[in-house]
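Residues per chain, in single letters:
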Amino acid sequence: MVMFYIHNKSSSCSSSLPAQTLTLVQRPSQARNTSALPLGTPASSQCLCMTVTKMSWCPQYRSSKFRNVYGKVANREHCFEGIPITKNVHDNHFCAVNAKFLAIVTESAGGGSFLVIPVEQTGRIDPHYPKVCGHQGNVLDIKWNPFIDNIIASCSEDTSVRIWEIPEGGLKRNMTEAVLELYGHSRRVGLIEWHPTGNNILFSAGYDYKILIWNLDIGEPVKMIDCHSDVILCMSFNTDGSLVATSCKDKKLRVIEPRSGRVLQEANCKNHKVNRVVFLGNMKRLLTTGVSQWNTRQIALWDQEDLSMPMIEEEIDGLSGLLFPFYDADTHMLYLAGKGDGNIRYYEMGTEKPYLQYLLEFRSPAPQKGLGVMPKHGLDVSACEVFRFYKLFTLKGLIEPVSMIVPRRSETYQEDIYPMTPGMEPALSAGEWLSGINRDPVLMSLKEGYKKPSNLVFKAPVKEKRSVVVNGIDLLENVPPRTENELLRVFFRQQDELRRLKDELSRKDVKIQQLELELKNLKNSPKPM
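Parameters at a glance
Residues numbered from 1 in each chain as written. Predicted model: local features only at pLDDT ≥ 70, side-chain atom pairs only at ≥ 80, totals over all residues. Heavy atoms only, no water. Helix = DSSP H or I, 4+ residues; strand = E, 2+ residues; numbered from the N terminus. Buried < 20%, exposed > 50% of the residue type's maximum accessible area, 1.4 Å probe, protein only. Contact = heavy atoms within 4.5 Å. Areas by Shrake-Rupley, 256 points an atom, 1.4 Å probe, with all protein chains shown as cover. Pairing = 2+ DSSP bridges. Axes fitted to C-alpha atoms, helices over the stretch in contact; angles between N-to-C directions. 1 Å grid on protein atoms, 1.4 Å probe; cavity = no way out; pocket = protein on both sides within 12 Å on 5 of 7 lines; lining within 4 Å. Points joined across faces, edges and corners; volume = space filled by probe spheres on them. Nonpolar A, V, L, I, M, F, W, Y, C, P; charged D, E, K, R; others polar. Core = buried A, V, L, I, M, F, W, Y, C linked by side-chain atoms within 4.5 Å. Phe/Tyr/Trp six-rings, centres within 6.5 Å; stacked < 30°, edge-to-face > 60°. Polar contact = N/O pair within 3.5 Å; in protein donor to acceptor, adjacent residues only side chain to side chain. Salt bridge = Lys/Arg side-chain N within 4 Å of Asp/Glu carboxyl O.

## Section: the overall build of the chain
Piece 1. Assigned secondary structure in the chain consists of two helices and 37 strands.
Piece 2. Of all 529 residues assigned to the chain, the portion counted as buried reaches 47%.
Piece 3. Here the contacts in the chain between residues at least 6 apart in sequence split such that 52% fall between residues at least 24 apart.
Piece 4. Total accessible area computed for the chain in this model is approximately 28,400 Å², and 51% of it derives from carbon and sulfur atoms.

## Side note on the sheet that holds strand 30 (residues 356-362)
Piece 1. Taken in spatial order, the four strands line up as 27-28-29-30 in an open sheet, and their pairing is antiparallel. Edge strands, defined here as strands with exactly one partner in the open sheet, are strand 27 (323-328) and strand 30. On average, each strand axis in the sheet is tilted by 25° relative to the strand beside it, whichever way the strands run.
Piece 2. Bridging between strand 27 and strand 28 (residues 333-338) involves six bridges; their strand directions are antiparallel.

## As for empty space enclosed by the protein
Piece 1. Summed over all chains, the structure comprises one cavity of 30 Å³ or more.
Piece 2. Here the largest cavity defines a volume of roughly 40 Å³.
Piece 3. Lining the largest cavity we find Leu287, Ile299, Ala300, Leu301, Ile312, Glu313, Glu314, Met349 and Leu356.
Piece 4. Listed by contribution, the elements that provide at least two residues to the lining of the largest cavity are strand 25 (297-303) and strand 26 (312-317).
Piece 5. Counted by class, the lining of the largest cavity contains seven nonpolar, no polar and two charged residues.

## Comments concerning the sheet that holds strand 10 (residues 132-135)
Whether parallel or antiparallel, the strands of a sheet pair through hydrogen bonds between backbone atoms.
Piece 1. Strand order in this open sheet of four strands is 6-7-8-10, and the pairing throughout is antiparallel. The open sheet has two free edges, formed respectively by strand 6 (95-97) and strand 10, since each of these has just one partner strand. Averaged over all pairs of adjacent strands, the angle between their axes in this sheet comes to 20°, without regard to strand direction.
Piece 2. With two bridges joining them, strand 8 (residues 112-118) and strand 10 adopt antiparallel strand pairing. Paired with Phe114 across the bridge in strand 10 is Val132.

## Focus: the nonpolar core
Nonpolar side chains in soluble globular proteins generally cluster together in the buried interior.
Piece 1. The biggest cluster of nonpolar side chains holds 34 residues, and the ones touching the most others in it are Ile83, Leu102, Ile104, Phe114, Ile166 and Ile399.
Piece 2. Sorting the residues of this core by element identifies strand 6, strand 7 (101-106), strand 8, strand 11 (139-144) and strand 32 (385-393) as the ones contributing at least two each.
Piece 3. The element that contributes the greatest number of residues to this core is strand 7, accounting for five residues.
Piece 4. In this view, Ile399 contacts Cys79, Phe80, Ile83, Ile85, Leu102, Ile104, Tyr390, Lys391 and Leu392; residues no more than four positions away in its chain are not counted.
Piece 5. One finds Leu322, Met333, Phe362 and Leu371 within the second-largest nonpolar core, a separate group that totals 25 residues.

## Some points on the pairing of strand 24 (residues 285-292)
Piece 1. Of all eight residues in strand 24, seven are buried; the element is thus mostly enclosed.
Piece 2. Two strands pair when backbone bridges link them, and strand 23 (residues 272-279) and strand 24 are joined in this way by seven bridges, in the antiparallel orientation. Opposite His272, over in strand 24, you have Ser292 as the bridge partner.
Piece 3. Across seven bridges, strand 24 lies against strand 25 in antiparallel orientation. Residue pairing in the sheet places Leu287 in a bridge with Leu301 of strand 25.
Piece 4. What sits between the antiparallel neighbours strand 24 and strand 25 is a turn of four residues, in which Asn295 has the positive phi angle 60°.

## Here's the deal with the pairing of strand 18 (residues 220-225)
Piece 1. Pairing analysis gives five bridges linking strand 17 (residues 211-215) to strand 18, with the strands arranged antiparallel. Bridged to Trp214 within strand 18 is Pro221.
Piece 2. Hairpin remark: strand 17 followed by strand 18, antiparallel, with four residues in the connecting loop; positive phi at Gly219, about 70°.

## Some words on the environment of Gly290
Piece 1. Within the element layout of this structure, Gly290 appears in strand 24.
Piece 2. Sequence separation of Gly290 and Val277 is 13 residues, and the distance between their C-alpha atoms is 9.0 Å.
Piece 3. Once you skip the residues sitting within four places of it in the chain, Gly290 turns out to touch His272, Lys273, Val274, Asn275, Thr296, Arg297 and Gln298.

## Some points on the packing of aromatic side chains
Piece 1. For the structure shown, the criterion picks out eleven aromatic pairs.
Piece 2. An angle of 40° between the planes, with centres 5.9 Å apart, marks the rings of Tyr335 and Tyr346 as tilted. Residue Tyr335 is located in strand 28, and its partner Tyr346 is located in strand 29 (residues 344-349); the two are separated by eleven residues in the primary sequence.
Piece 3. Here Tyr335 and Phe387 contribute two aromatic rings whose centre-to-centre distance is 4.5 Å and whose plane-to-plane angle is 20°, an arrangement assigned as stacked. One end of the pair, Tyr335, is in strand 28; the other, Phe387, is in strand 32, and 52 residues separate them in sequence. With respect to class, Tyr335 is no different from Phe387; both count as buried.
Piece 4. Taken together, the aromatic side chains of Phe326, Tyr335, Tyr346, Phe387 and Phe389 make up a single cluster linked through ring pairs.

## Quick look at the side chain of Asn200
Piece 1. One can find Asn200 in the loop between strand 15 (189-194) and strand 16 (201-206).
Piece 2. Within polar-contact distance, the side chain of Asn200 engages the side chain of Asp217 at 2.8 Å.
Piece 3. Setting aside anything within four residues of it in sequence, one finds Asn200 in contact with Asn145, Trp214, Asn215, Leu216, Asp217, Ala430 and Phe458.

## What to know about the pattern of salt bridges
Piece 1. Summed over the entire model, instances satisfying the criterion amount to 26 salt bridges.
Piece 2. Residues Glu193 and Lys143 are paired through a salt bridge, measuring 2.9 Å at the closest nitrogen-oxygen approach. Note that Glu193 is positioned in strand 15 and Lys143 in strand 11, a separation of 50 residues in sequence. Accessibility classification places Glu193 together with Lys143 in one group, the buried group.

Following this line, the structure appears as C-alpha cells:
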C-alpha cells in the first residue's frame, strides 16, 4: 500500500506516520518535477512524503551468519577415482560415509558387493581392490553404525539384512562372511536405518510393505510395523527416536510410534506426491520433497502434530530427478540435492514466517547419482566446514567431496557455528528403548572431542541353528528362489555340487576296490609256520 501526504510544514512529515512504515521525504529544491504540487503552496514549506507499509512477517533484510556459505570442491588428488559405481536405478544414495571409511555400492556380475575404502586413501582405486561380496542379490542400501565406526549394515534383493565388521585399516581380501545375517522379509529389502539414540537397534523396510525392528543383541526381529499398503520410500527419525516418519508409494505421509506400530498422523498427499521426508530436529516439523500436480519438483513443510494441510508449499524447478533433502540440526540449514543434476540448493529454516529462507546454490555440470554425508565429528572445524557431501558420478567412476564452508577470517574455533552435537555414545541400550524409555542424544563438543574414538565393540549373538524339515528338506536352509537370476544361480550351484559329489563317489569307489584287493591278497597269502 502506497500513500502520499502533502504537508505545509516539513517537521510534521514523520510525526503523523504509523509504525512499521518507511518514509521518503523529498523537498522541492531536490525534486526534478514540482508541477504536481497544488497551486499556491509556498515552495519553502512544501514537502512530499511517501509511506510504504511493510508486511511484518516478511522483512526486507534478514541477517544470517550462514548467508555466505559456499561449496568448495576437493582437489583432484583428494577425490576417489576408478570406482565401478552401481548402475542400479533404485532410488537410494548407494554411498555411506563416517570418520574412518567410505562405502560405495559397486557394479558386479552375480550377487551384490560394495567397496569399503579408508577416507584418507584418496586417488585412483585399484580395479582389484577387495570388496564385501556376501550377498546373493544386488545391494540396495548401506548404512554405518552411528556409534561404532567399523560396523556397517547392508540390505539386498536376496531378502536379507547383513551386519559386517570392517577390520582396522580396511579390507585386505574379499569379505564374504557377515558377523550377522538377518532374515525376516519375504521380498527384497530396499531401505535400512539405524536408531539415532538406541544401541544395536536397526530398522529395515522391504517390498513386502513391512518395517521390521531388529534387536542386534539377540539377532532377531522384535517388532513389525504393518500399516503401509505399498512400497516404503523413506524413513526418518525425530531427535530422540521416539517417532518415525515414512513416505510411501500409496501417496501417504505417516508419523508412527515405532514400538507400538500406531499411526499418530497421516496425510493423503493428492496435490503433493511425497518422495522423501525428513524431521527438522526439535522444531516439531517435517519437510517433504516430491512432485506437484503439474509434475514440477516441490517441497512442503508440515506440522508433525497436524498433517491435514502443509504449512507451506514451494515449487523448485521443472526437472524430473528425485530431490534428496539433508537437514543439519546444528545450523538449521536444509540442503536439497537433485538426482540426475549437479546442483545443491541450501536454505535456512526458521520457526516464524517465512519458515524457509533461500541462501545460495552450489552448481556443478556433472549429474550426480547419489550423495554420502560425513558425520559432524568427521568435519574439519579449523576450516569452518559445516557440512560435507560425497557426490557419486557414475559415468566418470568418480566420487567428489564437496565441503560447505562458512567464510571466516579467524582460524580459532568458532563456537557460534559449532554448538554441542550428537556424539558417538548411545543414550540407551536396546532393551531400554524397547521397554519404552526415550532419551535425547548424548552431546559432544567438536572443539575437543571430535577425534575421540568409540569404546563400543559389537558382539554378534550366537544363534542356534533352527530347522523346519518337510519331506527331508530343510525349508529354512533351502529358501526357494524368487527371481530368474536366483533360479539360475541355484541351478548352477546344484550342478557344481553334483559334480563334486560324483568325483568324491568315484574316488571312494577306487578306494574300495583297492581295499578289496588288499583283503583278497591277505586271504591268499600263505600262513607263517
